[in-house]
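Observations on chain architecture
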Amino acid sequence: MLRFDEIGVLPEPGDNVAISSRRLEAGTVIDVAGTPVTLPHTVLEGHRFVARPVATGEPLLSWHTPFARALRDLEVGDYVCTPTSLAAVAARGVDGLPREPSARNETLDPYQLDETALNLGRQVTSVEQPGTFLGYPREQGPAGTRNHVVLLATSSRSSGFVTELAQRIDEEFVVPVAHTEGGEDGTPNNLRLLLATLAGFALNPNVGAVLIVDTDGELVSGQAIKNFMAEQGYPPIRVPHAYFTRKAGFEADLAAAGQLVAPWLPVVAAQARQEVPLADLWIGLQCGGSDAFSGVSANPLSGAVAREVIRHGGIAVLAETDELIGAEGYVLKNVRDLPTARKFLRTVQSFKERVGWHGHTAEGNPSGGNVYRGLYNIVLKSVGAARKLDRDVRLDHVIDYAAPMPGHGFVFMDSPGNDLESVAGQVASGCNLIFFTTGNGSITNFPFVPTIKFVTTTTRYDLLHAEMDVDAGRYLTGTPMDDLTTETFDLTVRVASGEPSAGERAGHSQVSIWRNWRQNGPREGISITTDGRTTRNLLDLPAEDRDAPLPGAPLDLAGYAASGAAASAAAPAAPAAASAVLQLLRVDGRVVPEAVGLILPTSLCSGQIALRLATQGELERWASDAVTRMVALPHTEGCGSSGGASEETFARTMLGYLLHPNTRLALLLEHGCEKTHNDYFRSRLVEAGADPSRFGWASIQADGGLDAVTGRVRDWFGSFNLPAPEEVPSTLGELTVALEARGPLTPETAEALALTGREIVAAGGTAVLSSRGALLADKTFRYAAFGSPAAVGPTIAHGQRFTAKGWHVMRMPGTDWMETVTGFGAAGVQLVLAHVASGTLSAQRFVPVVEFSSDPETVAQYGDDLDAVASGNSQQQATAALVTLAAVASRQLIPKAVASGNVGFQITRGLLGTSM
C-alpha cells in the first residue's frame, strides 16, 4: 500500500483533486488519511484523481480554480478524465481506462473585472546592493549576454540565402535568422508585427553586428524596415550594420555579402565582456511541452528567479496570450493601475476575436502532448502557466507583440501560445535571456539569445539531462523552493556572463515569427463568438475555405474544349525533345527519378534535429546504397497552431511525402509533446491504407535526448539490406511534373510550357498546375494546353494525391512560392519546371526545381542561377525545357539552386489556420 504523500501532489491545500506523481495501475491501493483506497482505473503520471468526495455537478479544483465538473458522484481515488483527455490517452493505447469520462470541461465564461476591487499593489522591494554580470555594453539599451553577427532575412525569400551565407562564413558567433514570413505577393495581415520583429531583432542587445538581406522588389525589404523604425520612433542601429539586396546570381551575391560581413568579424570577436548591472538582464518567460507539474514546480521556480531579477532592477516578460485565458484573475491579482488591467483584458479579447475569425477557440490550444501529460484543458494549462508571475510580483506593463519595452518591472507581451513565435516577439522586444519551462522536455533554442531550460520532474530531467539546465522536480521531492531559487539565480548570472546553456552546448536553434493569418474580420459561416459557446460544423463551410479533398480525377479536356471557344488554328507541333530517353531508377517495383531516404519531423520542434540527422546520415551513408540521398523536411507546423481544416491540410501534406513514389525509406521524428505526435501519424497512415510498420519511428524526448535518438535513427536506416536502385531507360510518361511561372510571361513562353505539359501527359505522365499560378491565368497557355481559353478549377486539394494521371490543378490558398512547391511535392510531383523573370526562386528540399528563362534581362542578371536559357519560338523553348527536365530526372544535372544550398520547405496553414 502506497502513502498518499508518496504518489499524490495537491497544487494547493483545499483542492479536491490531486496530481499523480507516477503512473498508478488499476488496482493500486493507496493509504489516504489511514483509509485504504483501491484505484478502479489506471492513472497516468500527471493525471488527476479525486482527493475528497465530489458530488455530481460540483467543480473539480486545482489551485482553487474550477477546471471541470463531475459527471457523476466521484469517490476518493476515482480517475478524473474529460472526454478530450480520455480520448487522448486511449489513442496512445493505455490499458485500464474507464469507458466513460468522469468529468466535463468547465465552461469558459468571459472574465469580468471588478474595477472597484482591483488590487493596485506595490512592486517587490529592490535589493539594497544591486548585482552585476559580465556582459557586452551597448551605446543604447541594456548590455548583451552574447555578441553575435546576425544575418537577418527580411522575408522567406532570403531565408535560404542567409542560411547558406552563415554556413560558408563558418564562425560560431555568426548566425542566420531565417523564417517563413513575408514571401507572398501582396500585403500580409501580419505585416506590422513582422516589421516590428525584424526591427527588434536588429536592435537586440545580443547583436554585435547585423546584415539585413532582402530580394529585389519585395514588399518586406530593408527599406521597409528603415521606414517603419523611423515612423515608430525607434532608435538607430548603432552596431556595425548594412542592408544588402540580392540582385545577381546566388554565388555572386554570397561573395558580395560575405565581403560586407568580413570586416565585422574581427571587431566583434575582439569585444570583451565587462561588468554591467543586473538591471540590464531582460528575461523572457516561456513554457513549452507543459505538463501537470509545470504549475507546481518549474513555472513557480522561473517566476521566483524572475522576481529576484526584478529586485535587482531587471525586467521579466510573460507572453502567450491564449495560455492565460481562464487565469485572468490570477494575472490581475496585483497590477500597477487600472489602465494596465484594462489593456491586458483588451489584449486577451482581441486574441480571442482573431482566433474566432478562423473558426477556433482557446480550447484548441493544449497540444496532444499537453493533454497526455495531464493538462486536460486550457484552464489547467493557463493557471499553471500564470505561475511564472510570482505571487509577490506586480504586473507593470502590457505591450504588443515585439514592441519595445516601456519600462522596468514585470511586463506582459501579446503573443500566441506557439513557443517559437512567442520567443521571437520577446527577443524583438529586447530580451537577452530566455527562461523556458517544460514538462516533456522541449529542446528548442533561439539563435542569438541563450535559453535556460527548467524541467518539471526529476525523472524527465534524468532522461534528458544533456538538454536541460534546471531540475525543478527537486521541489516535488522535498528541496525548498527558496533553495532552488538561489541556485537557479546563480546559474542565471553565470549564463548571462557567458557560461553556455545546455541548448548552446547542443548547438541547434530555430526561428519562427508570428505567422500570417488569412482572415482579417468576421465571416459568416466561419467565425464563432468569443464566449467560446457558439458551435459550427466544419463540413458546412465552403470546400475552398476548408481545403476539402476533391475527387482527384484529371481535367476532362474533351468536355473542357467543347465548352470553350472553338480552335481557329492547328495546335502547335510537338517539340523535338518529346521522345527523349530518360535514365530512371527501378525501385521496389516502380520507376522513379530517385530513391530518397526521408527523415520527417512531426512538428516544428524536431525540425532542426531532423536536418542534422539527415546531413549526418548522408555523410555516413546510414542507408548504404539503398537510397540516392537523405532528406529532412523541417517546417513550422504540428504544434502551436489551430486544428480543423489547417490540421487536415498539414496531415495530408505530411502523408504525401511519406507515401511519395520517390520515398524509399522514411522515418518520422517526433519531438514528443506535439499535437501531431508519432501515434497520431500511425493512425493517419492506417486511415490512408498504409502499413505503419514500413516506417521508422523515433522520439527526441522519449528516446532520451539527442545522442540517444541519433543512435536510434542510425540503427533503423542501417537495419535494411536492400539492393541498390537499378537504372533503366524510360520516358516522360513515368514522371509527374509541376509547371510554374513567376514574373512576366511572353505568349511564346506560355505556349512552350503548354507544349511541355502536353508532351508529358501524352506520354502517359502527369502535369500539375497551381490554381493561383500565372500559367492558369494566362489565356495563351490554356488555349495551347487544353484547346480552349476557358477557365478551369482545381482537380485536387492542396497536397492531395490524384487518382489518375493527366492534367491536374492543385488548389492553392495563397501565392507563397515555398508553400506552393511543398504542396506540389505532397501531391506526388517529382520535378518542378519553373519559368522565371525578374528574379529566381529557392529550391525545395525534396522536389528538384528546374529554373529556366526566356527573358533577356533575367538571363543577363541572374544567368548563373538558371538551369536553362530558352529562346526562339515556342517549340524551341519547349525543347530546351524538356532536355533540361530529362537531364535532371536522369540525375545527370543538379539544379543550380540545389547545388548552391538555396533550399527550403514550408507547409501552408490554408485559409483557416492561425497560431495558438
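Keep in mind the model is a prediction, meaning the values are calculated, not measured.

So, the overall build of the chain
- Helices and strands together make up the secondary structure of the chain, namely 27 helices and 38 strands.
- Radius of gyration (C-alpha) of the chain: 28 Å, near the 29 Å computed for a compact globule of 916 residues.
- When its C-alpha atoms are laid out on the principal axes, the chain stretches across 90 × 65 × 55 Å.
- Across the 916 residues that make up the chain, the buried fraction comes to 63%.
- In the chain, 75% of the contacts between residues at least 6 apart in sequence involve partners at least 24 apart.
- Total accessible area on the chain stands at roughly 31900 Å², and carbon and sulfur atoms take up 50% of it.
- Taken together, the 72 basic and 99 acidic charged side chains of the chain have centroids lying 2 Å from each other.

Digging into the pairing of strand β21 (residues 433-438)
- Of all six residues in β21, six are buried; the element is thus mostly enclosed.
- On β21, burial covers both faces: Leu433, Phe435 and Thr437 on one face and Ile434, Phe436 and Thr438 on the other are all buried.
- For strand β17 (residues 282-287) and β21, the ladder comprises five bridges, and the chain directions are parallel. Among the inter-strand pairings, Ile283 is bridged to a residue of β21, identified as Leu433.
- With five bridges connecting them, β21 and strand β22 (residues 451-455) associate as parallel partners.

A short note on the nonpolar core
- Counting 90 residues, the largest nonpolar core has Leu60, Phe67, Phe344 and Phe410 as its most contacted members.
- For Phe344, the contacting residues outside a window of four places in its chain are Leu324, Glu328, Val331, Leu332, Val398 and Phe412.
- Within the second largest apolar cluster, 52 residues are counted, among which are Met229, Cys431, Phe448 and Ile513.

Notes on the side chain of Ser915
- Its location among the elements puts Ser915 in the segment after β38 (903-904).
- The exposure class of Ser915 is buried, given its relative accessible area of 2%.
- Within the structure, Ser915 has its side chain in polar contact with the side chain of Glu421 (distance 2.6 Å).
- Side chain to side chain, Ser915 and Arg909 meet in a polar contact 2.7 Å long.
- Once residues lying within four places of it in the same chain are set aside, the contact partners of Ser915 are Phe351, Pro416, Glu421, Trp514, Arg515, Gly640, Ser641 and Arg909.

A word on the side chain of Glu670
- Mapped onto the elements, Glu670 comes out in strand β28 (residues 663-670).
- With no salt bridge to any partner, buried Glu670 finds its closest opposite charge in Arg92, at an N-O distance of 5.3 Å.
- Engagement of the side chain of Glu670 in a polar contact is seen with the backbone nitrogen of Asn678, the distance being 2.8 Å.
- A polar contact of 2.8 Å, which involves the side chain of Glu670, links it to the side chain of Ser699.
- Apart from the residues within four sequence positions on either side, Glu670 is in contact with Thr602, Ser606, His677, Asn678, Ala698, Ser699 and Ile700.

What to know about the packing of helix α22 (residues 747-762) against helix α23 (residues 779-786)
- Orientation of α22 relative to α23, taken along the N-to-C sense of each, is 30 degrees, at an axis distance of 8 Å. Classified by the angle their axes make, α22 and α23 are roughly parallel. For the element pair α22 and α23, the recorded crossing hand is right-handed. The residues of α23 that touch α22, namely those facing Pro747, Ala750, Glu751, Leu753, Ala754 and Arg758, are Thr780, Phe781, Ala784 and Ala785.

Concerning the sheet that holds strand β2 (residues 8-9)
- Pairing is antiparallel across the open sheet formed by four strands, whose spatial order is β2-β3-β6-β9. For this open sheet the edge positions go to β2 and β9 (79-80), each flanked by a neighbour on one side alone.
- Pairing analysis gives two bridges linking β2 to strand β3 (residues 17-20), with the strands arranged antiparallel. Pairing of Gly8 across the sheet is with Ser20, part of β3.

Describing the pairing of strand β32 (residues 766-770)
- Counting buried positions along β32 gives five out of five residues, so the element sits mostly inside the fold.
- Alternating residues of β32 divide into Thr766, Val768 and Ser770 and Ala767 and Leu769, and every residue in both groups is buried.
- At this point the chain moves from strand β31 (residues 736-742), through α22, to the parallel β32, and the crossover so formed is right-handed.
- Where β32 and strand β33 (residues 807-810) come together, four bridges link them in parallel fashion.

Brief notes about the environment of Val761
- Here Val761 lies in helix α22.
- Residues Val761 and Lys805 lie 44 residues apart in sequence; the distance between their C-alpha atoms is 7.6 Å.
- Apart from residues lying up to four places away in sequence, Val761 is in contact with Ala767, Gly806 and Trp807.

Description of the packing of helix α4 (residues 191-203) against helix α13 (residues 419-428)
- At a closest axis distance of 7 Å, the pairing of α4 and α13 adopts a crossing angle of 55 degrees. Here α13 runs oblique to α4, going by the angle between their axes. Here the hand of the crossing between α4 and α13 comes out left-handed. Here α4 contributes Ala196, Thr197, Gly200 and Phe201 to the contact with α13, which in turn contributes Ala424, Val427 and Ala428.
- In terms of residue class, the contact of α4 with α13 is made up of five nonpolar, two polar and no charged.

Re the confidence of the model for the chain
- Confidence in the prediction for the chain averages 93 pLDDT; 96% of positions are at 70 or higher.
- The low-confidence segment residues 530-539, where pLDDT is below 50, has 18 contacts with residues more than four positions distant or belonging to other chains.
- Every residue in residues 564-570 is under pLDDT 50, and counting partners more than four places away or in other chains gives eight contacts.

A few points about the environment of Gly904
- Following the sequence through the fold, Gly904 ends up in strand β38.
- Linking Gly904 and Leu582, residues 322 residues apart in sequence, is a C-alpha distance of 27 Å.
- If near-sequence neighbours (up to four positions away) are discounted, Gly904 is found in contact with Met818, Ala843, Gln844 and Arg845.

Some words on helix α21 (residues 706-717)
- Over its 12 residues, α21 runs 17 Å from end to end, which matches the ideal 16 Å to within 8%, given 1.5 Å per residue.
- Elements in contact with the buried residues of α21: α16 (502-506), β26 (596-601), α18 (607-620), β27 (629-632), β28 and β29 (696-699).

A look at the pattern of salt bridges
- For the structure shown, the criterion picks out 42 salt bridges.
- Between Arg168 and Glu251 there is a salt bridge, and its shortest N-O distance comes to 2.7 Å. Separated by 83 residues along the polypeptide, Arg168 in helix α3 (residues 159-169) and Glu251 in helix α6 (residues 250-261) bring together distant segments of the chain.
- For Glu251, a relative accessible area of 40% puts it in the partly exposed group.
- Residues Arg712 and Asp703 are paired through a salt bridge, measuring 3.5 Å at the closest nitrogen-oxygen approach.
- For Asp703, a relative accessible area of 23% gives the class partly exposed.
- Within this structure, Glu181, Glu184, Glu421, Arg515, Arg518, Glu637, Glu819 and Arg909 form a network of salt bridges that share partners.

Describing the packing of aromatic side chains
- Scanning the entire structure with this criterion turns up 22 aromatic pairs.
- Look at Trp514 and Trp517: their rings are 5.9 Å apart centre to centre, the planes differ by 50 degrees, and that puts the pair in the tilted class. In this structure, Trp514 and Trp517 share a single accessibility class: buried.
- For the ring pair Tyr657 and Phe846, a centre distance of 5.1 Å and an interplane angle of 85 degrees mean the geometry is edge-to-face. In this pair, Tyr657 sits in helix α19 (residues 645-658) while Phe846 sits in the loop between β35 (843-844) and β36 (849-853), placing the two residues 189 residues apart along the sequence.
- Phe846 sits in the buried class, given a relative accessible area of 0%.
- Connected via pairs of aromatic rings, a cluster forms that spans Phe351, Tyr401, Trp514 and Trp517.
- Sitting over the ring of Tyr330, Lys333 keeps its end group 5.3 Å from the ring centre.
- Taking NZ or CZ as reference, Arg682 lies 4.2 Å from the ring centre of Trp697, over its face.

Quick look at the sheet that holds strand β23 (residues 470-471)
- The seven strands lie next to each other as β19-β20-β18-β17-β21-β22-β23, forming an open sheet whose pairing is parallel. Edge positions in the open sheet fall to β19 (395-399) and β23, since each of these has one partner strand only.
- Each of β17, β18 (315-318), β20 (409-413) and β21 touches α13; the most contacted strand, β17, lies at about 170 degrees to it.

Rules behind the numbers
Residues numbered from 1 in each chain as written. Predicted model: local features only at pLDDT ≥ 70, side-chain atom pairs only at ≥ 80, totals over all residues. Heavy atoms only, no water. Helix = DSSP H or I, 4+ residues; strand = E, 2+ residues; numbered from the N terminus. Rg over C-alpha atoms; globule rule 2.2 N^0.38 Å. Buried < 20%, exposed > 50% of the residue type's maximum accessible area, 1.4 Å probe, protein only. Contact = heavy atoms within 4.5 Å. Areas by Shrake-Rupley, 256 points an atom, 1.4 Å probe, with all protein chains shown as cover. Lys, Arg positive; Asp, Glu negative; His and termini not counted. Charge placed at Lys NZ, Arg CZ, Asp CG, Glu CD. Pairing = 2+ DSSP bridges. Core = buried A, V, L, I, M, F, W, Y, C linked by side-chain atoms within 4.5 Å. Polar contact = N/O pair within 3.5 Å; in protein donor to acceptor, adjacent residues only side chain to side chain. Salt bridge = Lys/Arg side-chain N within 4 Å of Asp/Glu carboxyl O. Axes fitted to C-alpha atoms, helices over the stretch in contact; angles between N-to-C directions. Parallel < 35°, antiparallel > 145°, perpendicular 65-115°, else oblique. Left-handed = near helix turned anticlockwise from the far one by under 90°. Right-handed = clockwise from strand over helix to strand, strands pointing away. Nonpolar A, V, L, I, M, F, W, Y, C, P; charged D, E, K, R; others polar. pLDDT = per-residue confidence, 0-100. Expected span 1.5 Å × (residues − 1). Phe/Tyr/Trp six-rings, centres within 6.5 Å; stacked < 30°, edge-to-face > 60°. Lys NZ or Arg CZ within 6 Å of the ring centre and 35° of its normal.

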